[in-house]
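Coordinates in review
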Amino acid sequence: MKLLLDNYYREINYLRISITDRCNLRCRYCMPEEGVELIEHEELLTYEEILKVVEVFASNGISKVRLTGGEPLVRRGVMDLIEGIASTEGIKDLSLTTNGILLREYTTDLVRVGLRRINISLDTLRPDRFAYITRRDKFKEVWEGIEEALRHRLSPVKINIVVIKGFNDDEIKDFARLSLTYPLHVRFIEFMPVGEGNGWNEELVIPHSQVMEEIRELGELIPIRPQDNDGPAKRYYLKGGKGEIGFISPISSHICSRCNRLRLTPDGKIRTCLFSDEEIDLKGTLRGSGGKERLEEILHRALEAKPERHRIGDLRFKKCQRGMYAIGG
Ligand code: SAM
Ligand code: SF4
């Protein structure tokens, strides 16, 4: 098995692929109400192109893949792509991040084509708040999608919550309680400065030390010994709980030393850091005469370009322009 190391000796084994910038929700912190100027269809990587990238990267040491978007389940034919990636040699772990709207309908197929685990984004347990933050009245669909994923024993089923001051910080314990009742991995994510005009400012970020303090009112929060592929997440469980509680804190703590990933955008650019607009073009090579060696060269170029850490908090920090819907989170 090959090992991919970047300039800071971090092992990079994880590729997040955003397969579309289209979405069936309009979360206020991610996409404007009227939608966005979408990437032209011809500019999107085809499934054949994505599979070629996965195959070459996997033969060089990438073993984990996550599909994301926009909303990955709205792209036509996505089951074929999942099946192709699941059966690519070297890929040991394949997951999907979804808003859950289509999950009730698609879970059976997802399991059939080889998906074993899933992340579902849900920022509130209150239907009226859900309708406000996503601008769509579809809480019921998402909750039924979560139940369906649990019924099919996708494992783990992770729920991602972006905690925003004044919006859902009074629901922290309600979310944490879910991990007592269900085998869910509940993960609190700090609100991040990605995308022009997404409403971010530092005041809206609730540091995870504060979230943890609240959760401890429910019982003992026991740390889980870190595993190699945890990436930036810190994992815990509440004593007696069936699930887990995790924290992803890019703002309040420096998680960059544990960063293990590269990102591929829907239009075929590699991003080496979520918070930087520097991108390396892969599509030109895929569509030009470039074969395996050229793709490998680009992979190594990306490893060399991967910054040591993000610059949020520095005076020089500039919010990146590409929206989260076109990066994938
Ligand atoms: N549409 C899918 C979904 O919502 O799960 C996948 C794409 S979405 C961009 C991926 C994740 O990014 C979601 O969990 C979403 O809540 C999160 N996200 C979007 N904008 C964010 C921001 N500014 N800060 C933190 N997380 C954000
Ligand atoms: Fe769509 Fe996900 Fe962005 Fe919400 S967070 S608008 S569901 S891409």
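In what follows, the structure referred to is the one given above.
Each chain carries its own residue numbering, running from 1 in the written order of its sequence. Working convention: letters from A go to chains and numbers from 1 go to ligands, in the order in which they are written. Given that this is a predicted model, residues contribute local features only at a pLDDT of at least 70 and side-chain atom pairs are listed and counted only at 80 or more, while totals for whole chains, interfaces and linings are drawn from all residues. Only hydrogens and water are removed before side-chain values are computed, so all heavy atoms of the structure are retained for them.

Next up on the list: the site of ligand 1. Around ligand 1, the surrounding shell holds 17 residues, and the nearest of these are Tyr29, Gly70, Thr98, Ser121 and Met192. Gly counts as polar in this scheme, as do all residues outside two lists: the nonpolar Ala, Val, Leu, Ile, Met, Phe, Trp, Tyr, Cys and Pro, and the charged Asp, Glu, Lys and Arg. Of the residues in the shell around ligand 1, the class split is five nonpolar, 10 polar and two charged. A cutoff of 4 Å decides nearness: a residue is near a molecule or strand if any of its heavy atoms lies inside that distance of it.

Numbering of helices and strands runs from the N terminus; a helix is a DSSP stretch of H or I covering at least four residues, while a strand is a stretch of E covering at least two. Examined against the element boundaries, Ile251 turns out to sit in the loop between strand E9 (244-248) and strand E10 (261-264). Along the chain, Ile251 and Phe275 lie 24 residues apart, while their C-alpha atoms are 11 Å from each other. Contacts between residues were defined by any pair of non-hydrogen atoms, one from each residue, lying within 4.5 Å. Beyond its immediate sequence surroundings of up to four residues, Ile251 is in contact with Glu190, Phe191, Met192, Pro193, Val205 and Ile312.

Below, the discussion takes up the packing of helix H3 (residues 103-112) against helix H5 (residues 139-151). Remark: H3 packs on H5, axes separated minimally by 8 Å, with the N-to-C direction vectors making an angle of 20°. The orientation of H3 relative to H5 falls into the category roughly parallel. For the crossing formed where H3 meets H5, the hand is right-handed. Only Glu144, Gly145, Glu148 and Ala149 of H5 make contact with H3, whose side of the interface consists of Leu103, Arg104, Thr107 and Thr108. For the contact of H3 with H5, the class distribution of residues is two nonpolar, three polar and three charged. Note on geometry: axes are C-alpha line fits, over the in-contact stretch for helices, and angles between N-to-C directions span 0 to 180 degrees. The scheme is simple: roughly parallel for angles under 35 degrees, roughly antiparallel for over 145, roughly perpendicular for 65 to 115, oblique for anything else. In this scheme the handedness of a crossing depends on how the near helix is turned from the far one: anticlockwise by less than a right angle means left-handed, clockwise means right-handed.

Of note, Cys256 is situated in the loop between E9 and E10. We call a residue buried when its accessible area falls under 20% of the maximum for its residue type, exposed when it is over 50%, and partly exposed in between, using a 1.4 Å probe and counting protein chains only. For Cys256, a relative accessible area of 11% puts it in the buried group. Apart from residues no more than four positions distant in its own chain, Cys256 is found in contact with Arg10, Glu308, Arg309 and His310.

Here we come to the environment of Thr97. Tracing the backbone through its elements, the reader meets Thr97 in strand E3 (residues 93-98). Linking Thr97 and Asn119, residues 22 residues apart in sequence, is a C-alpha distance of 4.7 Å. Those residues within four positions of Thr97 in sequence are excluded, and the remaining contacts are Arg66, Leu67, Thr68, Pro72, Asn119 and Ser121. Engagement of the side chain of Thr97 in a polar contact is seen with the side chain of Arg66, the distance being 3.0 Å. Polar contacts here mean pairs of N or O atoms no more than 3.5 Å apart (in protein, one a potential hydrogen donor and the other a potential acceptor; neighbouring residues in sequence count only if both atoms are side-chain atoms).

Right, let's get into H3. Those residues of H3 lying buried are Leu103, Thr107 and Leu110. Down the axis of H3, the buried side of the element spans an arc of 75°, and every buried residue falls inside it. Counted as exposed and oriented over 90 degrees from the buried face of H3: Glu105 and Arg112. On the buried face of H3, the contacting elements are helix H2 (78-86), E3, strand E4 (118-121) and H5. Looking one or two residues beyond H3, the residue adopting positive phi is Gly114, at roughly 115°. Working note: the arc is built from the helix axis to C-beta atom directions.

Now for the pairing of E4. When DSSP finds two or more bridges between two strands, those strands count as paired. Judged from the two bridges that link them, E3 and E4 form a sheet pairing that is parallel. Paired with Thr97 across the strands is Asn119, a residue of E4. Between E3 and its parallel partner E4, the chain crosses via H3, and the hand of that crossover is right-handed. Pairing of E4 with strand E5 (residues 157-163) involves four bridges; the strand directions are parallel. Note that in E5 the partner of Ser121 across the bridge is Asn160. Handedness rule for crossovers: strands pointing away from the viewer, path from the first strand over the helix to the second running clockwise, crossover right-handed.

With that settled, the discussion passes to the sheet that holds strand E6 (residues 184-190). Spatially, the 12 strands line up as an open sheet ordered E7-E8-E9-E6-E5-E4-E3-E2-E1-E10-E11-E12, and their pairing is mixed. Either end of the sheet is taken by a strand with one partner, and the two such strands are strand E7 (221-223) and strand E12 (279-281). Each strand axis lies, on average, 25° off the axis of its neighbour in the sheet, ignoring direction. Note: E7 against strand E8 (residues 234-238), three bridges, orientation antiparallel. Bridged to Ile222 within E8 is Tyr237. Strands in contact with helix H7 (residues 208-215) are E6, E7, E8 and E9; relative to E9, the strand with the most contacts, it is inclined by about 160°.

These results come straight from atomic positions and should not be treated as a statement about function.
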